[in-house]
Amino acid sequence: MKFYHADFFFRSLLFAAIFMSCSNSKSVDPPKPYGVLPSEAQIEWQKMEYYMFIHFGPNTFTDVEWGDGEEDPKVFNPSNVDCRQWAATAKAAGMKAIILTAKHHDGFCLWPSKYSTHTVAQSPWKDGKGDILKELSDACKEYGLKFGVYLSPWDQNHPAYGTEDYNKVFANTLDEVLGDYGEIFEQWFDGANGGHGHEGKAHKYDWELFHEVVYRHHPQAIIFSDVGPGCRWMGNERGVAGKTNWSRLNTKGFGPGNEAPPTDTLNIGNIHGEAWVPAETDVSIRPGWFYSASTNDKVKTLDQLLDIYYTSVGRNSNLLLNVPPDRTGRIHPNDSMRLMEFRGAIDKAFASNLTKGAKIKASSQRANSKEYKPQNLLDDNYDSYWASDDDVVTPWIEIDLNKNTQLNRILLQEYIPLGQRVSEFKVDAWIDNAWKEIASATTIGYKRILRFPSLETQKIRVSIQGSLASPILNNISLYMVPEKLSLPNISRDKEGMVSIVCATNDPQIYYTTDGSEPSVSSTLFTEPFALPLSGSVRALASITNGKITSESVSVVFDISPAKWSIVSPKNDRANRIIDGNDKSYAIVKNNEAVIINLGEMLSIKGFSYTPHGSEKANNIYKYNFYASEDGSTWTKLVSNGVFNNIKNNPIKQEQSFDKSITCKFIKIESLENVSNSKDYEIAQLAVITK
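Residues numbered from 1 in each chain as written. Predicted model: local features only at pLDDT ≥ 70, side-chain atom pairs only at ≥ 80, totals over all residues. Heavy atoms only, no water.

1. A short note on the pairing of strand S15 (residues 434–441)
Part 1 of the reasoning: With seven bridges connecting them, strand S14 (residues 422–431) and S15 associate as antiparallel partners. Residue pairing for S15: phenylalanine 425 is matched across the bridge by alanine 441.
Part 2 of the reasoning: The turn joining S14 and S15, which pair antiparallel and follow one another in sequence, is formed by two residues; a positive phi near 55 degrees is taken by aspartate 432. (Pairing = 2+ DSSP bridges. Helix = DSSP H or I, 4+ residues; strand = E, 2+ residues; numbered from the N terminus.)

2. Describing the packing of aromatic side chains
Part 1 of the reasoning: Counting across every chain of the model gives 42 aromatic pairs.
Part 2 of the reasoning: Ring geometry for tyrosine 511 against phenylalanine 529: centres 4.5 Å apart, planes inclined by 5 degrees, an arrangement best described as stacked. Linking tyrosine 511 in strand S20 (residues 508–512) with phenylalanine 529 in strand S22 (residues 529–530), this pair joins segments that are 18 residues apart in sequence. An identical accessibility class is assigned to tyrosine 511 and phenylalanine 529; each is buried.
Part 3 of the reasoning: Judged by centre distance (4.0 Å) and plane angle (5 degrees), the rings of phenylalanine 607 and phenylalanine 625 are stacked. A residue pair is termed long-range when its members are at least 10 positions apart, and phenylalanine 607 in strand S28 (residues 594–610) and phenylalanine 625 in strand S29 (residues 620–628) qualify at 18 residues. No difference in accessibility class separates phenylalanine 607 from phenylalanine 625, as the two residues are buried. (Phe/Tyr/Trp six-rings, centres within 6.5 Å; stacked < 30°, edge-to-face > 60°. Buried < 20%, exposed > 50% of the residue type's maximum accessible area, 1.4 Å probe, protein only.)

3. Side note on the side chain of lysine 103
Part 1 of the reasoning: One can find lysine 103 in strand S2 (residues 97–103).
Part 2 of the reasoning: For lysine 103, the side chain forms a polar contact with the side chain of aspartate 155, separated by 3.3 Å.
Part 3 of the reasoning: When neighbours within four sequence positions are excluded, lysine 103 is seen to be in contact with Phe108, Cys109, Trp111, Tyr150, Leu151, Ser152, Trp154, Asp155, Tyr166 and Phe170. (Polar contact = N/O pair within 3.5 Å; in protein donor to acceptor, adjacent residues only side chain to side chain. Contact = heavy atoms within 4.5 Å.)

4. Looking at the side chain of lysine 300
Part 1 of the reasoning: Take lysine 300: it is sitting in the loop between strand S9 (279–284) and helix H9 (302–311).
Part 2 of the reasoning: For the buried lysine 300, no salt bridge exists, and the shortest N-O distance to an oppositely charged side chain is 9.4 Å, to glutamate 237.
Part 3 of the reasoning: Apart from residues lying up to four places away in sequence, lysine 300 is in contact with Val283, Ser284, Ile285, Arg286, Leu305, Ile308 and Arg338. (Lys, Arg positive; Asp, Glu negative; His and termini not counted. Salt bridge = Lys/Arg side-chain N within 4 Å of Asp/Glu carboxyl O.)

5. Observations concerning the sheet that holds strand S10 (residues 317–322)
Part 1 of the reasoning: Strand order in the closed barrel formed by eight strands is S1-S2-S3-S4-S5-S6-S9-S10, and the pairing between neighbours is parallel. Strand after strand, the sheet turns through a mean of 25 degrees between neighbouring axes, direction not considered.
Part 2 of the reasoning: Two strands pair when backbone bridges link them, and strand S1 (residues 50–54) and S2 are joined in this way by three bridges, in the parallel orientation. Note that in S2 the partner of phenylalanine 53 across the bridge is isoleucine 99. (Axes fitted to C-alpha atoms, helices over the stretch in contact; angles between N-to-C directions.)

6. Quick look at the packing of H9 against helix H10 (residues 333–349)
Part 1 of the reasoning: Running from N to C, H9 and H10 cross one another at 55 degrees; their axes reach a closest spacing of 10 Å. Comparing their axes, H10 and H9 come out oblique. With respect to the hand of their crossing, H9 and H10 are arranged in right-handed fashion. Contacts between H9 and H10 involve Leu302, Leu305, Leu306, Tyr309 and Tyr310 on the former and, on the latter, Arg338, Glu341, Phe342, Ala345, Ile346 and Ala349.
Part 2 of the reasoning: Residues of the contact of H9 with H10, tallied by class, amount to nine nonpolar, no polar and two charged. (Parallel < 35°, antiparallel > 145°, perpendicular 65-115°, else oblique. Left-handed = near helix turned anticlockwise from the far one by under 90°. Nonpolar A, V, L, I, M, F, W, Y, C, P; charged D, E, K, R; others polar.)

7. Some details on the sheet that holds strand S18 (residues 489–492)
Part 1 of the reasoning: Strands sit in the order S18-S19-S22 across an open sheet of three strands; the sheet is antiparallel. In the strand order of this sheet, the two ends are held by S18 and S22, each with one partner.
Part 2 of the reasoning: Looking at chain direction, S18 and strand S19 (residues 497–501) are connected through four bridges and run antiparallel. What sits directly across from isoleucine 490, in S19, is isoleucine 500.

8. Here we look at unusual backbone geometry
Part 1 of the reasoning: Between glycine 228 and proline 229 the backbone carries a cis peptide bond, its omega angle lying at 20 degrees.
Part 2 of the reasoning: Here the amide bond leading from serine 568 into proline 569 is cis, since omega sits at 5 degrees, within 30 degrees of zero.
Part 3 of the reasoning: Inspection of the secondary structure assignment puts proline 569 in the loop between strand S26 (565–568) and strand S27 (586–589).
Part 4 of the reasoning: Although it is not a glycine, asparagine 433 adopts a positive phi angle of roughly 60 degrees.
Part 5 of the reasoning: Tracing the backbone through its elements, the reader meets asparagine 433 in the loop between S14 and S15.
Part 6 of the reasoning: Judged by its relative accessible area of 66%, asparagine 433 is exposed.
Part 7 of the reasoning: Phi is positive for asparagine 640, close to 55 degrees, though the residue is something other than glycine.
Part 8 of the reasoning: Tracing the chain through its elements places asparagine 640 in strand S30 (residues 634–642).
Part 9 of the reasoning: The class for asparagine 640 is partly exposed, based on a relative accessible area of 44%.

9. Here we look at helix H5 (residues 132–142)
Part 1 of the reasoning: Turning to H5, its buried residues number three or more, namely Ile132, Leu133, Leu136, Ser137, Ala139 and Cys140. Looking straight down H5, one finds that the buried residues subtend no more than 165 degrees of arc, so they occupy a single side.
Part 2 of the reasoning: Between a side-chain oxygen at the N-terminus of H5 and the backbone nitrogen of leucine 133 the separation is 3.1 Å; the capping residue is aspartate 131.
Part 3 of the reasoning: In the segment just after H5, glycine 144 is the residue with positive phi, at about 70 degrees. (Arc of directions from axis to C-beta.)

10. Points about the pattern of salt bridges
Part 1 of the reasoning: Applying the stated rule across the entire model yields 24 salt bridges.
Part 2 of the reasoning: Of the charged contacts in the structure, one is a salt bridge between glutamate 142 and arginine 84, with a shortest N-O distance of 2.6 Å. Of the two residues, glutamate 142 is situated in helix H5 and arginine 84 in helix H4 (residues 83–92); the sequence distance between them amounts to 58 residues.
Part 3 of the reasoning: A residue is classified by how much of its surface remains accessible, and glutamate 142, at 48% relative accessible area, is partly exposed.
Part 4 of the reasoning: Aspartate 390 is the salt-bridge partner of arginine 366, the closest N and O atoms lying 2.6 Å from each other. Taken together, the positions of arginine 366 in the loop between strand S11 (359–362) and strand S12 (386–387) and aspartate 390 in the loop between S12 and strand S13 (396–414) put the pair 24 residues apart, joining distant regions of the chain.

11. Some thoughts on the state of the cysteines
Part 1 of the reasoning: Counting across every chain of the model gives zero disulfides.
Part 2 of the reasoning: A disulfide-free cysteine, cysteine 109 has its sulfur positioned 16 Å from the sulfur of cysteine 83, the nearest such atom.
Part 3 of the reasoning: We note that cysteine 140 lacks a disulfide partner, and the nearest cysteine sulfur, in cysteine 83, lies 8.4 Å from it. (Disulfide = S-S within 2.5 Å.)

12. Observations concerning the environment of glutamate 40
Part 1 of the reasoning: Looking at the secondary structure, you find glutamate 40 in helix H2 (residues 40–48).
Part 2 of the reasoning: Once the C-alpha coordinates of glutamate 40 and proline 417 are considered, the two residues, 377 residues apart in sequence, prove to be 8.1 Å apart.

Bear in mind that shape data such as this cannot, by itself, settle questions of function.
The following block contains the structure:
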């Protein structure tokens, strides 16, 4: 009987265990979607994260950012176009696609279009029989890359632009490109319009017609514009998405270009936006969008590209990095080498996920179901996720790494197929037997990466402090990224004294002034030094007796403004125009010109204008520029000059003259600014003598 009772007892326990197991394994309804949702195509697009932009055309050969449509097609004559090299470079850089500027604002078509006489067919390249679109489309297929196209609706060459017929012309042009060159993953539009501040013909674009053409050929294509519908511009060309970045946007009443929402809205989206329009961050690896030999030494540094990665991909945005081919038709070695360094640094940074083998728990688990357990956050499966109960919007998740571990990055992902929810969270580390806050942020979205100073801890806690509905995450990862030295910053004041500083504490800084690459054997910077005339300064930072060094940086200076004085305007901030500080700026009334006394007769070859570096600034767009020997009799050197794209890309502008001129005074007068303000802004005005 004893054996009978024991057997019955154990069989009862087994039955109970099976019953409980079946009860726990019973499927629980998934969380209900929240708000507007991404399409399947938008989700797959977001997973691409990083791809290449290519600007190539007549501007490559004329050294301007925006052509005027009057350039002779014969200027387009690259000696060695190699689209396979473009694709191979993109692939090696870790990019997933290439988007080509098939037609920019000048109207020049990189394929032999039937609807234009301003195309490669009219150029001497390949005797007019070439087709960049075909070559690049084929190269992308060969290297397993997706292919996208940018066609500007603004066309400064086509005679129909500004008439009722043009929308049909542009639709036919789209039809030609989208029907003849294979699968297109993204159609890139901007809203540039000849009638908005360009003294051209205004045109009302038929966006509904244009979108219909795109979707007829490629139903899954992502359409980019200020308001999507597939993805949106995020408000600047510096590579910085908003610290808060909702993938939702209010689009009713708005349109591309001049009808777009404010740039700060584009930067952060709308928390309760009516449409899913995620952000795409477009930025160039060089100061401008088209190749210029003068920018060969101005390719963005590795540190700059890494910062852009964290402020784009790391802030719920895709990164579209422009890499313009040179005049031969190949990507320049300086650009390709930097891309490989960038790929290597990203791969190294995220090679080792420190959560492997970690223990994890959460304050809430949906219905206590294993389907939504916190362990799903660590399994590398995009479609498995952790979810809290519906009524819990401020849960926490704790990760135990099993031992003290050094780390300085955390990566989080929301499961966006069910909507974007989290509005605020913080990260704590267990340090000295207490929780200490180490980072905080607002939105997460598809991906959020936070950087913080290196620390050692065994446990990390993520606390959701605000969410529009119960949060749903599918990934939390931790990393220890090798610390890098900050880059030196080289500046020169009005008196011509050069200073070099570095954000890293107490580094040694070495520099050269002869154009050579600096090393720890170069001159040690100890105090500001004089460079009153033109010249270049290159510098690097070093610690641990030269064992760790930064990248080198270089700055080219022209003559210093030590002898200069402001004649006009007469206000307290006017001297900022010649103080050598690009970050300071003066405000000038629209009816006032800026006049500078150079203090001596100089032979000048051109001038430079540094705008206030904000997309919201009222910088000069159109201008006249003069020179004078006596300050009374003026020679107009530039009439109706234009600083193209200065609203979206407010960087230093350089203008060369047809020939040198000797003068003691210079003057610039604003004819039109980027906005309707009564005043305009200027950071620096300088001359080019070399």
